[in-house]
Amino acid sequence: MLFSERYSDLIDVGHGEPVDKICSDIDNATKVELAEIMREFAEPQKVSTNRYDSYYINTTALESAIQLFNDKKHGPYIWFENSDFDNAWSNPLAVTFTPFLFDVIELQYEELSDGEKEEFQAAINTVFRQHDMPWLLCEGHLIKMDATQFELDLRQKTLERMRELKDSEPKFQPAYEELLESCEFFEKGSFAAAISNAEKSYESVLKVICGVQKGNADQLTKTYINENSGALPITMRPDGFREKVLMSLPFIRNNSASDHGAGAVPVVIDQNLATLAINLSAALNTYLIGEYRKNTEICSQNISSDDINELPF
């Protein structure tokens, strides 16, 4: 689904001048730099025009992305010739309606080869960071952090760690996607759904680490602390750490009616509470993943040592 489709309730292009209530903080200078990055990553491609013959045409990842965008929108929204990309300020992408520019960025990411994707993503995110824009390209999805730089860095680092982990261990995929969805729900103003998905991501990480398929936060944190209490300082009571720290996000979810219905009295979820929930999910996931990696490395070293001791020399 295109960026403009995911956030369609915040974008209006069918009633006169297009209205953008999601990307309005992206200024012209930023768009020019983004367009320049897209030009630099116009990776050459050969595309078959017919599945029944061997005729190919030469194109680029950028041109393919624009063509896909125009096809999906059922019209030539972006007109271009190759020479149009040579000058940064005359680049047609730099003057494109911002949500549509984001559509093409996501499509271009998908068109790039694996080696180019990482560099393209890093370059796009560098532009956002240099212009203090709260946006992040994460595995081909543009998401808005809408937070302070500290919070943005926290979420970005958490998503990066989770992405690295799920690439090597696919069982972390649900937790990664749930945190991404939490950020997207937040930007749509669906704060209850943002809190719910933030907590789901946290529970998913716990389930993987505890090696179980089912269980609520209360059960999962008890299992986790029983198996990992040795990692805590001797001055810290394991049950206190579980109740005061590990159950902080579940407490918010369970007492905000974000996942159980509001009942007879309507419950208004405040934006700040949703921000806290997402940040807690990012922080708790980072802690759990860090401990998981540490324990995995220790186990690996122990196995290696045992194998060495068994060698016949």
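In this report, we go over the structure that sits alongside the text. (Residues numbered from 1 in each chain as written. Predicted model: local features only at pLDDT ≥ 70, side-chain atom pairs only at ≥ 80, totals over all residues. Heavy atoms only, no water.)

Per the stated rule, a full pass over the model turns up zero disulfides. Left unpaired, Cys138 is separated from the closest cysteine sulfur, that of Cys183, by 8.9 Å. (Disulfide = S-S within 2.5 Å.)

Unlike most non-glycine residues, Asp132 shows phi in positive territory, near 55°. Within the secondary structure, Asp132 is located in the loop between helix H5 (114-130) and strand E5 (135-138). Not every positive phi belongs to a glycine, and Glu139 is a case in point at roughly 55°. Here Glu139 shows up in the loop between E5 and strand E6 (141-144). (Helix = DSSP H or I, 4+ residues; strand = E, 2+ residues; numbered from the N terminus.)

A few words now on the pairing of E6. With four bridges connecting them, E5 and E6 associate as antiparallel partners. From the neighbouring strand, Trp135 faces E6, where its bridge partner is Lys144. Linkage of E5 to E6, two consecutive antiparallel strands, is achieved through a turn of two residues, within which Glu139 is found at a positive phi near 55°. (Pairing = 2+ DSSP bridges.)

Here the focus is the packing of helix H2 (residues 28-40) against H5. Direction vectors running N to C along H2 and H5 enclose 165°, while the axes themselves pass 10 Å from each other. Between H2 and H5, the interaxial angle falls into the category roughly antiparallel. The handedness of the crossing between H2 and H5 comes out as right-handed. Residue-level contacts link Thr30, Glu33, Leu34, Ile37 and Met38 of H2 to Phe120, Ala123, Ile124, Val127, Phe128 and Gln130 of H5. Of the residues assigned to the contact of H2 with H5, the class counts are eight nonpolar, two polar and one charged. (Axes fitted to C-alpha atoms, helices over the stretch in contact; angles between N-to-C directions. Parallel < 35°, antiparallel > 145°, perpendicular 65-115°, else oblique. Left-handed = near helix turned anticlockwise from the far one by under 90°. Contact = heavy atoms within 4.5 Å. Nonpolar A, V, L, I, M, F, W, Y, C, P; charged D, E, K, R; others polar.)

Our next topic: the side chain of Asp103. As for its placement among the helices and strands, Asp103 is situated in helix H4 (residues 98-111). Buried within the structure, Asp103 lacks any salt-bridge partner; its nearest side chain of opposite charge belongs to Lys73, at an N-O separation of 4.3 Å. (Buried < 20%, exposed > 50% of the residue type's maximum accessible area, 1.4 Å probe, protein only. Lys, Arg positive; Asp, Glu negative; His and termini not counted. Salt bridge = Lys/Arg side-chain N within 4 Å of Asp/Glu carboxyl O.)

The terminal C-alpha atoms of helix H9 (residues 217-228), which comprises twelve residues, lie 16 Å apart, in line with the 16 Å expected from a rise of 1.5 Å per residue. Burial in H9 covers these residues: Ala217, Leu220, Thr221, Tyr224, Ile225 and Asn228. Take H9 and look down its axis: the buried residues cluster within an arc of 125°, on one side only. Facing away from the buried side of H9 by over 90 degrees, the exposed positions are Asn226 and Glu227. At the N-terminal end of H9, a side-chain oxygen is found 3.2 Å from the backbone nitrogen of Asp218, two or three residues along, and the residue is Asn216. (Expected span 1.5 Å × (residues − 1). Arc of directions from axis to C-beta. Polar contact = N/O pair within 3.5 Å; in protein donor to acceptor, adjacent residues only side chain to side chain.)

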